[in-house]
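Structural description and commentary
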Amino acid sequence: MHHGGWMRLLSLRMPGSLLLQLLLLLFSCEIHATLERGTFVSREEYYRRINADNTNEERLYLENCAQSSDTGHCSLAIDNQIIQEWTQCSSTASETQPWWNAFLETPAYVSKVVIHTAPLPDAAMQSALNQFIIYAGGTACYRHNAAASFSSRSFPCDVFTDFIELSSDRKDAVMSLCEVEVYGKALAFQELENGAAEIALNYCSSSVDWQLNICKHAFDRNFAVFNGEHGKKCLDIPSDKSAEEAWMRAYFKESALVKHVKLFNRMDKCCKNSLNHFTLHINYYKCLDHNDANPFVTKIFNCTRFGQHVQVVSVPGAGLHLCQLQVFGYSTLLRPKELQKYIGCYKDNPKQPDLEQLVSLTFMSISKCHRMCKRLNKLYFGLQNGRLCYCGNKFGRYGEAKEPKACDKRCIYSKSKRCGGHYQNSVYEIIL
Ligand SMILES: *[C@@H]1O[C@H](CO)[C@@H](O)[C@H](O)[C@H]1NC(C)=O
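Residues numbered from 1 in each chain as written. Predicted model: local features only at pLDDT ≥ 70, side-chain atom pairs only at ≥ 80, totals over all residues. Heavy atoms only, no water.

**Quick notes on the sheet that holds strand 25 (residues 424–430)**
Counted only if it meets this: Strands were regarded as paired on the criterion that DSSP finds at least two bridges between them. Under the DSSP-based scheme used, a helix requires at least four consecutive residues in state H or I and a strand at least two consecutive residues in state E, with every element numbered from the N terminus. With axes taken as lines fitted to C-alpha atoms, and helix axes fitted only over the stretch in contact, angles between N-to-C directions fall between 0 and 180 degrees. Note on contacts: a residue pair qualifies if any of its non-hydrogen atoms lie within 4.5 Å across the two residues.
Ordered by their spatial adjacency, five strands build an open sheet running 21-25-23-24-22, and the pairing between neighbours is antiparallel. Each of the sheet's edge strands pairs with one partner strand only, and the pair in question is strand 21 (340–347) and strand 22 (357–360). With direction set aside, neighbouring strand axes in the sheet form an average angle of 30°. In this structure, strand 23 (residues 380–384) lies alongside strand 25, joined through five bridges in antiparallel fashion. Each residue of the ladder has a partner; that of Gly 382, found in strand 25, is Val 427. On the sheet, helix 4 (residues 366–375) packs against strand 21, strand 22, strand 23, strand 24 (388–392) and strand 25 and is oriented at approximately 140° with respect to strand 23.

Given below as structure tokens:
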């Protein structure tokens, strides 16, 4: 991400050298949002996004614990007493892959998990905590593997979740926990007068999407329940003899507290019974097991869970037919990555650009141009002809151009917005 090289390049004056333009084309693919899929997010960025006015971590409380076997009660690990003696701690039997888990009282950004243990009473016992994984909301956030036992230790986590699980791969091992403490910040949710609202979805996957890009058919907001109706398709994973489960997963734009999931069945003769039996999962945790001999056309399923994705899973081997999926609930209240105000359409002259600094010639999104200009500490940015990105501290020397005829190019990634025109900039003010 942090290429001193391209920052220096960007600060050179454009237009000019073709070489420079080519270099910019090459480098522009490195300029991406920090919070997009699969990229590292720093702790500072988490705190900025959850709008924390201070970065002191709060203690977050756990409840509703469970563990793989109950030889010592799981709640001894969340009784708010750190007494590092075997009898005062939760413990599983000596077994294969022991685990312990608990829910957070409220969904939160978790920054760390602190674990207190006690010496095991028998030298022959093996501690599962020498090798374990912290799972938070279905993703592994820390893997610990050490020869020696610890007494108290803090593990970084960095995740939005409402659930923590400690899980060991060991055989014949005891998981004994005197106290599990979680730190971070509780998340805020959008307040909605009318209750749950539709949650924006970002992308999808399915059990066969590595072969066929078909999950999009349950994701395209075409609510027809007969395949081929209005020329649109449903997601269709045929049944087969293998005992594989067919599934479809939809990822949310932001983490959300889900309340309901609405499914649109495929009502053709072939397929209408495919949703008579399925399970529904939020971040891999099953919240519903549907079994009904009668097919439904559309149906709303209740499921209150916090997470980043919802998954519909078929009975093994049965296939899956699903025309559309909608999710309702409360979105996590996060500060936007960037905030801009549209100012207007302004004429330009390539000999002396109105906004002084051209930073990219590749196809641009509003947010990408925004971020590039923000990094250069500029006050304004302008998109021209659907692809150029200019940054500057003043604009308007060639006057305003009249919309809607001027600045008539639509942006590639958000077609409802304008991205300039021929020698015309759609100018935005950088607010955040
Ligand atoms: C789902 O929740 C709503 C309230 O949000 C309730 O009216 C409805 O009866 C519930 N449905 C089922 C099947 O539990």
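**Regarding the environment of Val 180**
With respect to the secondary-structure elements, Val 180 resides in strand 11 (residues 179–186). Along the chain, Val 180 and Ile 164 lie 16 residues apart, while their C-alpha atoms are 9.8 Å from each other. Non-local contacts of Val 180, meaning those with residues more than four positions away in its chain, are made with Arg 59, Leu 62, Ala 77, Ile 78, Trp 100, Val 113, Val 114 and Leu 166.

**Digging into the domain arrangement of the chain**
Our working rule: For the purposes of this description, domain bounds are those given by an automatic or database domain assignment. A simple way to read buried area is as the amount of 1.4 Å-probe accessible surface that goes missing from two parts once joined, with both sides added. In the sections that follow, a salt bridge refers to a side-chain nitrogen of Lys or Arg positioned within 4 Å of a carboxyl oxygen of Asp or Glu.
For the chain, the domain assignment lists domain 1 (31–186), domain 2 (197–331) and domain 3 (340–430). For domain 1 and domain 2, the distance between their C-alpha centroids amounts to 32 Å. Contact with domain 1, which involves ten residues of that partner, is made by ten residues of domain 2. Across the domain 1 to domain 2 interface the summed buried area is about 890 Å²; carbon plus sulfur atoms make up 54%. On the surface where domain 1 and domain 2 come into contact, there are two salt bridges.

**Comments concerning the state of the cysteines**
Note the following rule: Working definition: a disulfide is two cysteine sulfur atoms within 2.5 Å of each other. Only protein chains enter the accessibility calculation, which uses a 1.4 Å probe. A residue is then buried if its area is under 20% of the maximum for its type, exposed if over 50%, and partly exposed in between.
Per the stated rule, a full pass over the model turns up eleven disulfides. Each disulfide pairs two cysteine sulfurs, and for Cys 373 the partner residue is Cys 391, the sulfurs being separated by 2.0 Å. With the S-S bond torsion at -75°, the cross-link from Cys 373 to Cys 391 turns out left-handed. A residue pair is termed long-range when its members are at least 10 positions apart, and Cys 373 in helix 4 and Cys 391 in strand 24 qualify at 18 residues. Each of the two residues, Cys 373 as well as Cys 391, counts as buried.

**Considering helix 4**
In terms of burial, helix 4 is a largely internal element, seven of the ten residues being buried. Regarding helix 4, the residues found buried are Ile 366, Lys 368, Cys 369, His 370, Arg 371, Met 372 and Cys 373. Just downstream of helix 4 lies Asn 377, where phi reads positive at about 60°.

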